[in-house]
Amino acid sequence: MCVCVCVCVCVCEIVFFLDIMDSDPDQKEKKGGASQRTVSSCDSYRLMSCSLTGKICAALASAASLTSWSLKELFLSDNQLHDVGAQYLSDLIINPHCKLEKLLLFRCFLTEKNCAALASAGRSTPCSLKELNLSHNELHDAGIPHISDLLKNPYCNLENLVLGNCPLTEKSCAHLASAASSTFCNLKELNLGSNELHDAGVQHLSDLLRNPHCKLEKLVLSGFSLTEKSCAGFASAATSVSCSLKKLNLSDKDRHDAGVQHLSDLLSSLHCKLEKLVLGACSLTDKSCLAVASAANSTSCNLKKLILGKNDILDAGVQNLSDLLGNPHFKLEKLESRWCSLTVKSCATLALGVSPAFSSLKELNMCSDDMNSDNKLHDAGVQLLTNPKCSLKKLLVDVRIFIKETPAPAFTSCSQSSDAADLHLRDKTQQDPGVELLSVDTPKQRWSCHSCAHITDPAHWTLVTPSISMENGLCVYNINSPAGSHECSESGLRWACAGPVALQYHFSKDELFWAQLQMLGYQPAGPLMDIKLLSGELEEVHLPHSLCLGGSDPSVLGGAVRSLHSDDSDSGVSLETCELSRFHGKLLGRQFSLWQLVVNLGIPVKTHCEVLIYQSSPQPLILNAFLVPAPSTARQVVEERWKSRGALCICKPPPDDSLWVSSRFQLWTSCSSVITPSAMTLSYNTSPTFFEVCLENPPKNFNMELRPIEGKQSVWTAVMWQGADYLQTRNHADLTEPSDAHTGLRRSQNVASSVYLNQVQRDMNIATNTQEAAVFVDRHRAELIGRVYNVMPIADALLSKGLVHPEKYSEIRAAATSEAKMREIYECLRSAGAGAKAAFYGVLLQEEPHLLQDLSTPAL
């Protein structure tokens, strides 16, 4: 049985290990046995993004000397290992007791020097390493000859090599192609994505595929420009009798239809063994679908998986592909068409083709990374594809997953027909209204987290979709559910009932009880919800929370979380105990009105987060990036505010791991940009602040990264694609279709851009004009006291500048509410001169730039 030790467990053991290494030798021998036995008993260590250094590599290399060492997988990505760490890893690999087969060193600050050390170790006789990931390291062309020498060595067992974004050129391709054509080379998978290889580099790889000694089965060449000439040469090489290529990834913005025509010639070749083709974000149209369909019609075509996400294939492209689905020679089993501007018409077309008698298609992915999908399928489209006559085994639409499987024993007695297996994949009209049945492996959350992935979350909840209405500006959810355990697909609320119930609930603003919470020493740990039981009886209610149970100390966290309850916003609040699970807290009370999970202010906690991005102007390109806990009321506040302004929502996956509350972060882009503020604090702020990113001349794609202010390791990375993510046309706001109630707030993007640039300049001018800054601070005293929620970073800055006495600082910290803290700060400024107030304005400009902009920007 494979044992996998994840981040939250490993960090403690690593600290113990390093203590042993630094301790007295006699004690090291006594303690080392126990701790090293713990490490050596693990098959897999996953230590990504743990702020580790080369010392951990030394500890692991030491542990490898044990005969009981059984580690096979080691993930050290996103750690600052540098040259020292690579040298220790080389010692680990050389060790005769080392059985390591998989080593991930993604973004570990390695250089070409480390390639020599690792390659030397990999050539050792007992080396068992089969997979090596060195992506996002500054290896350059100088490091690749060492890797190539390793591949030629008869003792090298490496089968999978990942060198994405290293950054390499065609010179590296020449070295790798030469090595992979060696008789001794066992390489089967090669990833060279996001390197500037160009046509010259691809030519070397094409020559490699023709070589009879080449064993490559998977090749990734995504993220850089190729011409039609390269596609033609590559397709010609892959038709070679000796070519064993089965998986090919050519995703990028510059492939276009002309290049795909050559690839279709490849698919129709008798000697082509290709089973998976990835052409995401290639600027393809329905013409490419026609070319692929024509090739796939050949009896010799072996294609089983086709990925066409983020292309403009439209309904016409789906029509071209669906004509093949009824062909008995067509072998396609998985089709992905995410973000392809599809409608219900595509669903109808596909539904006609996926007949169980002929179609081989088993999995269809038409979803996006968020509920705001570019595919407008609606419920009617889903019903067409989930009917019992459909051959699909798995359908992904938006964030929903439908899986066909044999029903549980409790249901089999209801029907002995062959349609019993369609329980989880059937027309919604056969179900209870609003109910959507899911299999046990369906994700219940829209975010993932490495730190708490080992914590089991109950999987017996049935996802239900409520009806939604707008009342007094609030999004109100109504649902009638049968007996069972249910989870709301929109809010995450869970409940269990023995009979039918009718519920009404909505999110409320956190500031209703903000002052009371601060007086009690608590802060929100999830959204505030107003729950009304209209009929029936509930047995259990589980509120969603954003806390990471794996990232925080579970022994402390369990006793620090409470459920806040109030009958209405005018009455007091009470705190009650609750039972925590991975994403929810079970309420022990049975009264239903206002509820929220809260956590003690004195406890350091990690929270799951989302990065919300909105484009507010195309020229210059202005992006607004929010970092908010997930789930929280902040998301609803942000969506309502920015969509009403006509801003374009850009959907990106959340961070892979939880983040510490009250930590400060910086936003970084791979191209020239102006970002304000310079840093931002993660908090449960009811009026979330955001980074504003201004790019005068953005490239067609660029990276955005979120980094903690104390380090350079990113905690979130996303690629922004022109066209697919952001637009540079002046009328993009029309695409968002805001409600009529907000149309008066919309203005041309030219005006918005002008106001933004003028306001930035005005803020800077005020900051350098002492008298004007002092007047601003005095004039907006009431607004600043009422709207600044995260006060302590401001107080810290004022203390460091000598504007606040240490005794007064203690009074500010002891104040019960944010308003009281701000009043204490103003008390310090009352007798101070204009210079002190100007300094205060400068601090506000750093900590609350968007609030200052809001206070000083005239209405459009």
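Residues numbered from 1 in each chain as written. Predicted model: local features only at pLDDT ≥ 70, side-chain atom pairs only at ≥ 80, totals over all residues. Heavy atoms only, no water.

For the rest of this paragraph, the subject is empty space enclosed by the protein. The full count for this structure, using the stated rule, is four cavities of 30 Å³ or more. Reported here for the second largest cavity is a volume of approximately 60 Å³. Along the walls of the second largest cavity sit I93, L103, L118, G122, C127, L129, L132, L150, C156 and L158, which together make up its complete lining. Its residues assigned to classes, the lining of the second largest cavity comprises nine nonpolar, one polar and no charged. (1 Å grid on protein atoms, 1.4 Å probe; cavity = no way out; pocket = protein on both sides within 12 Å on 5 of 7 lines; lining within 4 Å. Points joined across faces, edges and corners; volume = space filled by probe spheres on them. Nonpolar A, V, L, I, M, F, W, Y, C, P; charged D, E, K, R; others polar.)

This part takes up the environment of T349. Secondary-structure assignment places T349 in helix α13 (residues 344-353). Separated by 31 residues in the primary sequence, T349 and V318 place their C-alpha atoms 7.4 Å from one another. Setting aside chain neighbours within four positions, we find T349 in contact with V318, Q319 and S322. (Helix = DSSP H or I, 4+ residues; strand = E, 2+ residues; numbered from the N terminus. Contact = heavy atoms within 4.5 Å.)

This next bit is on the confidence of the model for the chain. Summary statistics for the chain give a mean pLDDT of 76 and a share of 76% for residues scoring 70 or more. Low pLDDT (under 50) marks residues 369-373, which in the prediction has 18 contacts with non-local residues, meaning those over four places away or in another chain. Within the model, pLDDT remains below 50 along residues 405-446, and this stretch shows 78 contacts once partners closer than five positions in the same chain are excluded. (pLDDT = per-residue confidence, 0-100.)

On a regular strand, one side chain projects to one face of the sheet and the next to the other, so that they alternate. Bridging between strand β25 (residues 540-544) and strand β29 (residues 584-587) involves three bridges; their strand directions are antiparallel. By the bridge assignment for β29, L543 is matched with G585. Inspection of the sheet shows strand β28 (residues 578-580) paired to β29 by three bridges, in the antiparallel sense. When the bridges of β29 are listed, C578 appears paired with L587. (Pairing = 2+ DSSP bridges.)

Here we come to the sheet that holds strand β33 (residues 621-629). Here we have five strands laid out as an open sheet, ordered β34-β32-β33-β39-β37, and antiparallel in their pairing. Edge positions in the open sheet fall to β34 (648-650) and β37 (674-676), since each of these has one partner strand only. Strand-to-strand twist across the sheet, computed as the mean angle between neighbouring axes with direction ignored, equals 25°. Inspection of the sheet shows β37 paired to strand β39 (residues 690-695) by three bridges, in the antiparallel sense. The residue of β39 that forms the bridge with V674 is C694. (Axes fitted to C-alpha atoms, helices over the stretch in contact; angles between N-to-C directions.)

End to end, helix α4 (residues 82-94) covers 19 Å across 13 residues, agreeing with the expected 18 Å (1.5 Å per residue, within 8%). The set of residues buried in α4 consists of G85, A86, L89, S90, L92 and I93. Relative to the axis of α4, the buried residues are bounded by an arc of 160° and lie together on one face. Looking at the packing, one finds that the buried side of α4 touches α3 (54-63), β3 (73-75), β4 (102-104) and α5 (112-122). (Expected span 1.5 Å × (residues − 1). Buried < 20%, exposed > 50% of the residue type's maximum accessible area, 1.4 Å probe, protein only. Arc of directions from axis to C-beta.)

With that out of the way, let us pick up a positive patch on the surface. Where like charges cluster on the molecular surface, the positive patch consists of K72, K99, K130, K188, K218, K246, K247, K273, K304 and K305. Inspection of the secondary structure puts K246 in the loop between α9 (228-238) and β9 (247-249). (Patch = residues over 30% accessible without salt bridge, like charges linked within 9 Å, V, L, I, M, F, W, Y side chains within 5 Å. Areas by Shrake-Rupley, 256 points an atom, 1.4 Å probe, with all protein chains shown as cover. Salt bridge = Lys/Arg side-chain N within 4 Å of Asp/Glu carboxyl O. Lys, Arg positive; Asp, Glu negative; His and termini not counted. Charge placed at Lys NZ, Arg CZ, Asp CG, Glu CD.)

Our focus in this paragraph is the pattern of salt bridges. Scanning all chains against the criterion turns up 10 salt bridges. One salt bridge in this structure joins R107 and E705, with 3.9 Å as the shortest N-O distance. Of this pair, R107 sits in the loop between β4 and α5 while E705 is found in strand β40 (residues 701-708), placing the two residues 598 residues apart along the sequence. Exposure class is identical for R107 and E705. Each is buried. In this structure, the salt-bridge partner of D778 is K837, at a minimum N-O distance of 3.0 Å. Pair noted here: D778 is in helix α20 (residues 770-779) and K837 is in helix α25 (residues 834-847), with a separation of 59 residues, a long-range link. With relative accessibility at 41%, the residue D778 sits in the partly exposed group. Here the salt bridges share partners, and the residues they tie into one network are D78, R107, E705 and R707.

Time to look at the sheet that holds strand β41 (residues 716-721). In a beta sheet, neighbouring strands are held together by backbone hydrogen bonds and run either parallel or antiparallel to one another. Taken in spatial order, the four strands of this open sheet run β38-β36-β40-β41, and their pairing is antiparallel. Only two strands of the sheet have a single partner each, and these edge strands are β38 (680-681) and β41. When strand β36 (residues 664-669) meets β38, the two strands line up antiparallel, connected through two bridges. Within β38, the position partnered with R664 by the bridge is T681.

Moving on to helix α23 (residues 806-814). Taken together, the buried positions of α23 are occupied by K808, Y809 and I812. In an axial view of α23, the angular spread of the buried residues amounts to 105°, which keeps them on one side of the axis. Opposite the buried face of α23, at more than 90 degrees from it, the exposed residues are E807 and A814. Looking at the buried side of α23, the elements it contacts are α22 (792-800) and α24 (818-830).

This next bit is on the packing of helix α10 (residues 256-267) against helix α11 (residues 286-296). Between α10 and α11, the shortest axis-to-axis distance is 8 Å and the interhelical angle comes to 10°. When the axis of α10 is compared with that of α11, the two are roughly parallel. Residues D257, V260, Q261, S264 and L267 of α10 form the contact with α11, whose own contacting residues are K287, S288, A291, V292 and A295. (Parallel < 35°, antiparallel > 145°, perpendicular 65-115°, else oblique.)

Look at α24 against α25: their axes get within 10 Å of each other, and the N-to-C directions meet at 145°. Across the interface between the two elements, M822, I825, Y826 and L829 of α24 pack against A836, K837 and F840 of α25. Among the residues making up the contact of α24 with α25, the classes are represented as six nonpolar, no polar and one charged.

When the sulfur atoms of two cysteines share a covalent bond, that bond is a disulfide. Taken as a whole and judged by the stated rule, the model has zero disulfides. As a non-bridged cysteine, C452 has C449 as the owner of its nearest cysteine sulfur, 3.7 Å distant. Residue C452 is classed as buried on the basis of its relative accessible area, which comes to 0%. (Disulfide = S-S within 2.5 Å.)

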